[in-house]
Amino acid sequence: MGTTQTKLRALLADIFSYLHANPEVSWKEYKTTKYIKGLLEDKGCRIQTFGKTPGLVVEIGSGEPVVAIRADIDALWQEVDGEFKANHSCGHDAHMTIVLGVLFTLLEDGIPDHGTFRFIFQPAEEKGDGALTLVGKGVADELDYLYGLHLRPIQELRHGQFSPAIRHGASWSVDGVITGEDAHGARPHLNANAIQIGSEFFQHLNNIYLDPMIPHSVKMTSFHAGGDSTNIIPGNATFSLDMRTQTNEAMEELMGKVERIAKMLSDYHEVEIDLSIRSSVAAAVINMEASKIMEEAIIDTVGIKHLVPMITTTGGDDFHFYTIKKPHLKATMLAVGCDLEPGLHHPNMMFNHDAIEPSVKIIVKALMKTVEKHHSQGVSN
Ligand SMILES: [Zn+2]
Ligand SMILES: [Zn+2]
């Protein structure tokens, strides 16, 4: 028993090192897919890949219920120490490692006669459309329960703390285009300066009021105008907005207000301002039965002292599209405390790797409990 544990720990350390050193951005996770497939090929699992679409689904066991755990597999593209590159600053390398640890543990310890375990290695979480794409390929078909997980920043959970649900907010990424006409630098009265319009847009965003009891924010996160000729007043610009709200209804309201700003500035300056939604992530829908099972799994493995009730975060996750598309799914996400600093998506994000092993144990316990409960309730369909 002790040596198996030590072997698994060493194997997971190797897997994490490889994944961390080989990050791939959304929709380009081909090496990652191949690597995971390679680890599992001789293990007697059923493996499904999707041709040009990266990611894979691995299944063991048979019959009902069908219980899945999802790991996101993509990295971010960002500047790290002066160089732009793919970087696992959202901890998806750890998520893959933990979920592989769960799979190896179940293969080693054995699984119940009745019950199917499905492991979803999902691409493009950061783009917000990975989950929807895989749902379209049938990975959520016949699923009864779905678990996910995410490392949490130190402000939300400390190392050693776990929470059975993450109340994610909605997040939208919106692209804006200002279309006007350039003018000579000597004749500023002949056009509207797109940089000025952009700065007015920025100011008005700070004048939006929504219900203060519902966390929300909207920020301009990119703005591009002008070129090499600095004697031209630019008429055109592009920009992006990052929008967050804790509920899906508040997001609709926020978008309505942003659209009104665009219309007002467009009327006043006589330019076109077009807004389009580049990506959108829905707010969490948490199932009480699934989160209760996860809570019991935390208590049984690491003890009640390490349990923190459901956490609320302004971050988003495309995990919640599974339940939007399959409303009968019983789903929750495990929140993993690991003293993660300075923050998710920070180029130099660091976390305590000792959180990997207890996370594996908690999820194994949750999966086994789910099957047990399902059969003890005599559920069948
Ligand atoms: Zn992320
Ligand atoms: Zn993430």
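Look up a bit, the structure's there.
The subject of this paragraph is the coordination of the zinc ion (ligand 2). On the protein side, the zinc ion (ligand 2) has Cys90 (SG), His92 (NE2) and His150 (NE2) as donor atoms, found 2.1 to 2.3 Å from it. Expressed as a motif, the donor residue spacing for the zinc ion (ligand 2) is C-x1-H-x57-H. The two metals, the zinc ion (ligand 2) and the zinc ion (ligand 1), are separated by 3.2 Å and share Cys90 as a common coordinating residue. Here Cys90 matches His92 in class, with each residue buried.

The next thing to look at is unusual backbone geometry. For residues that are not glycine, phi is negative in most cases, and the peptide bond is trans in most cases. Omega for the peptide link from Glu64 to Pro65 comes to -5°, which places this bond in the cis form. Here Pro65 is to be found in the loop between strand E2 (53–62) and strand E3 (66–72). Backbone geometry places Asp81, a non-glycine residue, at a positive phi of 50°. With respect to the helices, strands and loops of the structure, Asp81 is situated in the loop between strand E4 (76–80) and strand E5 (83–87).

This brings us to the pairing of E3. Along E3, seven of the seven residues are buried, which leaves the element largely enclosed by surrounding structure. The alternating pattern of E3 places Val66, Ala68, Arg70 and Asp72 and Val67, Ile69 and Ala71 on opposite faces, both of which are buried. Two strands pair when backbone bridges link them, and E3 and strand E6 (residues 115–122) are joined in this way by seven bridges, in the parallel orientation. Paired with Ala71 across the strands is Phe121, a residue of E6. In terms of strand pairing, E3 meets strand E7 (residues 145–153) through three bridges, oriented parallel. Its bridge partner lying in E7, Ile69 is registered against Tyr147.

The rules behind these values
- Residues numbered from 1 in each chain as written.
- Chains lettered and ligands numbered in written order.
- Predicted model: local features only at pLDDT ≥ 70, side-chain atom pairs only at ≥ 80, totals over all residues.
- Heavy atoms only, no water.
- Donors = N, O, S within 2.8 Å, 3.2 Å for Na, K, Ca; no water.
- Buried < 20%, exposed > 50% of the residue type's maximum accessible area, 1.4 Å probe, protein only.
- Helix = DSSP H or I, 4+ residues; strand = E, 2+ residues; numbered from the N terminus.
- Pairing = 2+ DSSP bridges.

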